[in-house]
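Fold and contact review
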Amino acid sequence: MKRLLYLDGKWVEGTPPVMGAMDQAFWFATGIFDGARAFDGVAPDLERHCARALRSAAFMGMNTTQTAEELVEIALAGCAKFDKGAELYIRPIFYPVDGFLVPDPDSTRFMLSIYQAPLPDPKGFSVHLSRFRRPSPETAPTQAKACCLYPISGMAIREATDKGFDNAVLLDPDGNVAEYATSNLWIVKDGVAITPTANGTFLNGITRQRVIKLLRGTGVEVVEKTVTWDEVKAADEVFSSGNYAKVTPVIRVEDRALQPGPIFRQARELYFAFARESGLKVPR
């Protein structure tokens, strides 16, 4: 599939080497990235993803010279280089080149990759409870979308697939539900949509925030609260929200089978209606 990288002010095809063995980010995993989507000629919430990338870089000790508006402009220009209607993943990246443990802020490097990544079919996925947990803000840079946070997701997914599941539910340090290994978690009980309150141990996703707003706007009660694993197992519906797949149902929680429910379907329909109506337009 086609891949483009914006590097040093120009677009190049493929995945050229960009990091050296002595680069600070290679040693110490201080890079950050963000992810946005383009599909059907629109890029929903692209400006919010770009702004979050800049906040993440600043939190990790980097100096950036770009504005969110400039990142949006670069991303849309790159999307326009693909076929009309292509389903794309947009990834702004910042990482420091110099410094030992502490990054040299002025050595920050910027790249933006865009590549074809079809939206997954919302057929649903299975989950189990992982032995891994999300870290507290005192133990990891949870306020940033930092690269160093993702190995634990990979370990949780590997554990899940080894046990015959597609994904994993991770708890927070206090033993309450945080999220899936790859996205934010939702349950429904008695018609109420419930999602774990953003407590600093997991990313308060942009798609999560959007779904909360859209559901509340149509009169659905949405509650952000502490969620237990027992509540997930007893829920009427379980689904996820995240940038990569947007809104997707869970069809099995360990040994319990579930069906996609009405709140999930409403959330998905609302999200894609919003995206197509309000997403930034890819220039043609």
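Data block above holds the structure.
A few points on the structure. (Residues numbered from 1 in each chain as written. Predicted model: local features only at pLDDT ≥ 70, side-chain atom pairs only at ≥ 80, totals over all residues. Heavy atoms only, no water.)

Let's talk about the overall build of the protein
In terms of helices and strands, the protein carries 7 helices and 17 strands. The C-alpha atoms of the protein give 19 Å as radius of gyration, which agrees with the globular expectation for 284 residues (19 Å, within 12%). Dimensions of the protein along its principal axes, counting C-alpha atoms only, are 50 × 45 × 30 Å. A total of 284 residues make up the protein; the buried ones form 51% of that total. Long-range contacts, defined as pairs at least 24 residues apart, comprise 71% of the intrachain contacts of the protein with a sequence gap of at least 6. When the accessible surface of the protein is split by element, carbon and sulfur atoms take 53% of a total near 13000 Å². One finds the centroid of the 33 positive side-chain charges in the protein at a distance of 4 Å from the centroid of its 34 negative side-chain charges. (Helix = DSSP H or I, 4+ residues; strand = E, 2+ residues; numbered from the N terminus. Rg over C-alpha atoms; globule rule 2.2 N^0.38 Å. Buried < 20%, exposed > 50% of the residue type's maximum accessible area, 1.4 Å probe, protein only. Contact = heavy atoms within 4.5 Å. Areas by Shrake-Rupley, 256 points an atom, 1.4 Å probe, with all protein chains shown as cover. Lys, Arg positive; Asp, Glu negative; His and termini not counted. Charge placed at Lys NZ, Arg CZ, Asp CG, Glu CD.)

Some words on helix H3 (residues 68-79)
Under the 1.5 Å per step criterion, the end-to-end length of H3 is 16 Å for 12 residues, consistent within 8% with the ideal 16 Å. Within the sequence span of H3, burial applies to Ala-68, Leu-71, Val-72, Ile-74, Ala-75, Leu-76, Gly-78 and Cys-79. (Expected span 1.5 Å × (residues − 1).)

Let's talk about unusual backbone geometry
Unlike most non-glycine residues, Asp-8 shows phi in positive territory, near 55°. Mapped onto the fold, Asp-8 is located in the loop between strand S1 (3-7) and strand S2 (10-13). Phi at Ala-29 takes a positive value of approximately 55°, unusual for a residue other than glycine. Here Ala-29 is to be found in the loop between helix H1 (24-28) and strand S3 (32-33).

Section: a nonpolar patch on the surface
A cluster of nonpolar residues, Met-19, Met-22, Phe-26, Trp-27, Phe-100, Leu-101 and Val-102, forms a patch on the protein surface that exposes about 830 Å² of accessible area. Along the polypeptide, Leu-101 turns up in the loop between strand S6 (88-96) and strand S7 (108-116). Since its relative accessible area comes to 57%, Leu-101 is described here as exposed. (Patch = residues over 30% accessible without salt bridge, like charges linked within 9 Å, V, L, I, M, F, W, Y side chains within 5 Å. Salt bridge = Lys/Arg side-chain N within 4 Å of Asp/Glu carboxyl O.)

Comments concerning the pattern of salt bridges
Between side chains of opposite charge, pairing is possible as soon as their charged atoms come close. Going through the model one piece at a time under the given rule, you end up with 11 salt bridges. Of the charged contacts in the structure, one is a salt bridge between Asp-45 and Arg-210, with a shortest N-O distance of 2.7 Å. Highlighted residues: Asp-45 in the loop between strand S5 (42-43) and helix H2 (46-59) and Arg-210 in helix H5 (residues 206-217), separated in sequence by 165 residues. For the pair shown, Asp-45 and Arg-210 are each scored as buried. If you follow the salt bridges from partner to partner, you end up with Arg-208, Arg-216 and Glu-224 in one network.

Some words on the packing of aromatic side chains
Counted by the stated rule, this structure contains 15 aromatic pairs. Plain terms: the ring middles of Phe-28 and Phe-100 are 5.3 Å apart, the flat faces sit at 85° to each other, and that makes the pair edge-to-face. Highlighted residues: Phe-28 in helix H1 and Phe-100 in the loop between S6 and S7, separated in sequence by 72 residues. With relative accessibility at 26%, the residue Phe-28 sits in the partly exposed group. Taken together through their ring pairs, the aromatic side chains of Tyr-6, Trp-11, Phe-94 and Phe-110 make up a single cluster. In this arrangement the basic side chain of Lys-2 is found over the ring face of Phe-82, its NZ or CZ atom lying 4.9 Å from the centre. (Phe/Tyr/Trp six-rings, centres within 6.5 Å; stacked < 30°, edge-to-face > 60°. Lys NZ or Arg CZ within 6 Å of the ring centre and 35° of its normal.)

What to know about the side chain of Ser-241
Note that Ser-241 resides in strand S14 (residues 237-242). Taking the relative accessible area as the measure of exposure, Ser-241 reaches 1% and is therefore buried. Side-chain polar atoms of Ser-241 contact the side chain of Trp-186, separated by 2.9 Å. Beyond its immediate chain neighbours, meaning those up to four positions away, Ser-241 contacts Ser-183, Asn-184, Trp-186, Thr-207, Arg-208, Val-211 and Lys-246. (Polar contact = N/O pair within 3.5 Å; in protein donor to acceptor, adjacent residues only side chain to side chain.)

Brief notes about the state of the cysteines
Inspection of the entire model under this criterion finds 0 disulfides. In this structure Cys-50 is not part of a disulfide, and its nearest cysteine sulfur, from Cys-79, lies 9.8 Å away. Judged by relative accessible area, Cys-50 falls into the buried class, the value being 1%. (Disulfide = S-S within 2.5 Å.)

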